[in-house]
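Structural description and commentary
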Amino acid sequence: EAIKEDLKWSRSVEDLTSASVGLTSIEERILRITGYYGYQPWAASYKRDERSRESPAPAEAQMQAGAEGSGRVNRCCWKCSVTQLKKIFWGVAVVLGVCSSWSGSTQLAKLTFKKFDAPFTLTWFATNWNFLFFPLYYLGHVFKSAEKQSPKQRYRECCRFFGDNGLTLKVFFTKAAPFGVLWTLTNYLYLHAIKKINTTDVSVLFCCNKAFVFLLSWIVLRDRFMGVRIVAAIFAIAGIVMMTYADGFHSHSVIGIALVVGSASMSALYKVLFKLLLGSAKFGEAALFLSVLAVFNVLFVTCIPVILYFTKVEYWSSFDIIPWGNLCGFSILLLTFNILLNFGIAITYPTLISLGIVLSVPVNAVVDHYTSEIVFNSVRVIAIIIIGLGFLLLLLPEEWDVWVIKLLTRLKVRKKEEIPEGNGDIASGLPNKSRRTRPSMSSFAH
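Presented here is an overview of the structure given in this document. (Residues numbered from 1 in each chain as written. Predicted model: local features only at pLDDT ≥ 70, side-chain atom pairs only at ≥ 80, totals over all residues. Heavy atoms only, no water.)

**Some points on the packing of helix α5 (residues 119-128) against helix α15 (residues 324-343)**
The geometry of α5 relative to α15 is characterised by a closest axis approach of 9 Å and an angle of 55 degrees between their N-to-C directions. Classed by the angle they form, the pair α5 and α15 counts as oblique. For α5 against α15, the interelement crossing comes out right-handed. Contacts between α5 and α15 pair Leu122, Phe125 and Ala126 from the former with Trp324, Leu327, Cys328, Phe330, Ser331 and Leu334 from the latter. Taken together, the residues that form the contact of α5 with α15 break down as 8 nonpolar, 1 polar and no charged. (Axes fitted to C-alpha atoms, helices over the stretch in contact; angles between N-to-C directions. Helix = DSSP H or I, 4+ residues; strand = E, 2+ residues; numbered from the N terminus. Parallel < 35°, antiparallel > 145°, perpendicular 65-115°, else oblique. Left-handed = near helix turned anticlockwise from the far one by under 90°. Contact = heavy atoms within 4.5 Å. Nonpolar A, V, L, I, M, F, W, Y, C, P; charged D, E, K, R; others polar.)

**Quick look at the environment of Phe179**
Mapping Phe179 onto the fold places it in helix α8 (residues 169-196). Each residue touching Phe179, except ones within four places of it in the same chain, is listed here: Tyr270, Leu273, Phe274, Leu277, Leu278, Phe289 and Leu293.

**Here's the deal with the pattern of salt bridges**
Applying the stated rule across the entire model yields 3 salt bridges. We note a salt bridge from Asp117 to Lys195, for which the minimum N-O separation is 2.8 Å. Residue Asp117 is found in the loop between α4 (58-112) and α5, and its partner Lys195 is found in helix α8; the two are separated by 78 residues along the sequence. For Lys195, a relative accessible area of 33% translates into the label partly exposed. With its nearest N and O atoms 3.1 Å apart, the salt bridge here joins Arg380 to Asp201. Here Arg380, found in helix α17 (residues 378-394), pairs with Asp201, found in helix α9 (residues 199-206); they are 179 residues apart in sequence, far enough to count as distant. Both residues of the pair, Arg380 and Asp201, count as buried. (Salt bridge = Lys/Arg side-chain N within 4 Å of Asp/Glu carboxyl O. Buried < 20%, exposed > 50% of the residue type's maximum accessible area, 1.4 Å probe, protein only.)

**As for the packing of aromatic side chains**
All chains considered together, the criterion is met by 31 aromatic pairs. Pairing Phe179 with Phe289 gives two aromatic rings, centres 5.5 Å apart and planes at 75 degrees, and the pair type is edge-to-face. In this pair, Phe179 is assigned in helix α8 and Phe289 in helix α13 (residues 283-301), connecting sequence segments 110 residues apart. Residues Phe179 and Phe289 agree in their burial class; the two are buried. Taken together, the ring pairs connect Phe161, Phe162, Phe179, Trp183, Tyr270, Phe274 and Phe289 into an aromatic cluster. The cationic tip of Lys312 hangs over the ring face of Tyr315; the distance from NZ or CZ to the ring centre is 5.4 Å. (Phe/Tyr/Trp six-rings, centres within 6.5 Å; stacked < 30°, edge-to-face > 60°. Lys NZ or Arg CZ within 6 Å of the ring centre and 35° of its normal.)

What follows is the structure in structure tokens.
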């Protein structure tokens, strides 16, 4: 009987509420049918009305969310564009710095050899300046980093690059000494080649080291095979042959070209072995490594200039005739070039840094045109263009073909979208013309 009364009460309530308020919720009907005690449908409808008043419409909510989302996207795009512009600006500055320092050091070395004919001594003197890498890096760390460390702490942290035990005597001879030898050979062969041939040919042929790096990385490191880079390597080899043929097969030109190719090969071997044995290095680790090379140069290479002096291979009558200004200027320019080359990636793209080396070729060509008797015949010009083109092909990223395919597909899609729009305009124009002509026909009939 109690259940019957409850059912009657619920049905009466249902009649009353259905007459006064429109019921649409399935959950409310189920609760009324089951006779849930304490259920008040008018309160639920009142709350639903309040919610509908308080909560905005779905379209308005979507508009608000879209406005907020678009504002966030615009802010992100603005930040990305500003950072990209900063990187491009710094990239232009770094490119100019790399180009001017590399071409300036080459021209200054050529000028120095007119008074001081000692390429190995100049190499030894300039390599000693590498000791400034780590102190300069630490100064940058003090001014830029929020958590400042003492020189000893920073040194110990960077020494982890050599292994768990740090820079030990064994690590020094096994991991630092070979790179010190390659560094000295690279610079000595380059400077010795400047004595034999003009600076334009030297700077162009040294650009082939990029192709040698790819070939060695493909063979030793098993890097990804890329057809474009193989073509670039072929261009580099063809340019070397054409450059040899440009002046004829004279002894000085052939020896000079061989010296530059040897220098480019030593540079490529240095880079590939560094990646194989040591991997990638952070800025502090790279600065410490270059400073360690200077220590190796002072301890173990100093004896070679002394021997060359006493054997009169590189001899000078007195120390007063040494052009110390040229030597220091060359060392500063070479130090600047290596700083920009190793640490420029912190502020710009690596591709832009590599462009500075290519741009030094026309700079050296202009200087040689006015200061030496260089002849820019057709063979030399074609060789320069081929080597430069090969260098630029090597700067392409690994996924360049994917980017090109995406760009072509986007262009095709845009063309397909433009064609239907144009057809729609023509089709819509025809009825308009017919509508305009009909009244005139009717008025003419009347």
